[in-house]
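Examination of the molecular architecture
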Amino acid sequence: MIDTSMEVEQKIYVIVADLRHVDYATEICEMIERAAKIRGTGIAKRNPLYLVQKIQEGKAVIAFDDKKVIGFCYIETWEHGKYVANSGLIVDPDYRAVGLAKSIKAEAFNLSRKRYPNAKIFGLTTSLPVMKINSDLGYRPVTFSELTADESFWKGCSSCVNYDILQRTGRKMCLCTGMLYDPGKNGSLKSNKENK
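Residues numbered from 1 in each chain as written. Predicted model: local features only at pLDDT ≥ 70, side-chain atom pairs only at ≥ 80, totals over all residues. Heavy atoms only, no water.

Attention shifts here to the environment of Asn 118. Structurally, Asn 118 is set in the loop between α3 (100-115) and β5 (120-125). In this structure the C-alpha to C-alpha distance between Asn 118 and Val 84, which are 34 residues apart in sequence, comes to 9.8 Å. (Helix = DSSP H or I, 4+ residues; strand = E, 2+ residues; numbered from the N terminus.)

In structure tokens form, the structure reads like this:
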């Protein structure tokens with residue numbers, strides 16, 4: 001019997017997106033929408049023009065397998081850079097459970113720390129694997145009151161299927177877990193962990 005399987009070398013890389021990547025915005029939005037339907041949990045919709053803006057500003061991270069886009073995340077600032085959110089994390093279903101989400105989140109986290117070293121970095125998620133990744137990066141679960149009070153951030157949740165819960169609770173809780181990295185508290189803690 002002849003083995004006809006071929007070993008395919010993957011060329012996976014995660015980088016800060018730039019102007020070469022704006023044409024992927026629609027494809028990324030479609031990936032996010034498909035994931036929301038499959039999961040049936042809250043994932044806010046994204047507009048391709050918004051993602052193009054993030055890419056143009058150098059505030060996005062993109063992952064490829066050779067020339068195929070397989071993941072994405074972007075950063076957004078609130079309250080004049082006091083808070084930074086790492087948002088829109090998406091990984092192609094064929095590339096899940098291989099550490100790609102962790103690589104994308106780490107790159108977005110590093111980009112956030114580099115551009116906004118004193119900002120509190122936060123995220124909302126319903127995903128247990130993302131919570132684990134965030135914890136590994138030094139985030140901790142927090143109540144929504146510790147996150148930005150910027151109305152435009154919370155308006156972004158309006159396209160989520162669970163938005164009515166957020167509204168009914170006066171923005172105190174939802175199905176998402178709020179997670180926060182505070183450089184004033186976590187910075188020295190993370191340095192101590194790295195030195196061990």
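Glancing now at the sheet that holds strand β7 (residues 177-181). Backbone hydrogen bonds hold the strands of a sheet together, and the pairing may be parallel or antiparallel. Pairing is mixed across the open sheet formed by seven strands, whose spatial order is β1-β2-β3-β4-β5-β7-β6. Either end of the sheet is taken by a strand with one partner, and the two such strands are β1 (12-16) and β6 (140-142). Each strand axis lies, on average, 25° off the axis of its neighbour in the sheet, ignoring direction. Direction of pairing for strand β2 (residues 60-65) relative to strand β3 (residues 68-78): antiparallel, over a ladder of six bridges. Looking at the pairing, Ala 63 lines up with Gly 71 of β3. Lying on the sheet, helix α2 (residues 48-56) is in contact with β2 and β3; it crosses β3 at an angle near 80°. Docked against the sheet, α3 engages β1, β2, β3, β4 (83-91), β5 and β7, running at close to 155° with respect to β4. (Pairing = 2+ DSSP bridges. Axes fitted to C-alpha atoms, helices over the stretch in contact; angles between N-to-C directions. Contact = heavy atoms within 4.5 Å.)

Before going further, it helps to examine the confidence of the model for the chain. The predicted model of the chain has a mean per-residue pLDDT of 84, with 85% of residues at 70 or higher. Across the chain, the secondary-structure element scoring lowest on mean pLDDT is helix α7 (residues 183-195), at 57, and the one scoring highest is β2, at 96. With pLDDT under 50 throughout, residues 188-196 is counted as low confidence; its partners more than four residues away or in other chains account for four contacts. (pLDDT = per-residue confidence, 0-100.)

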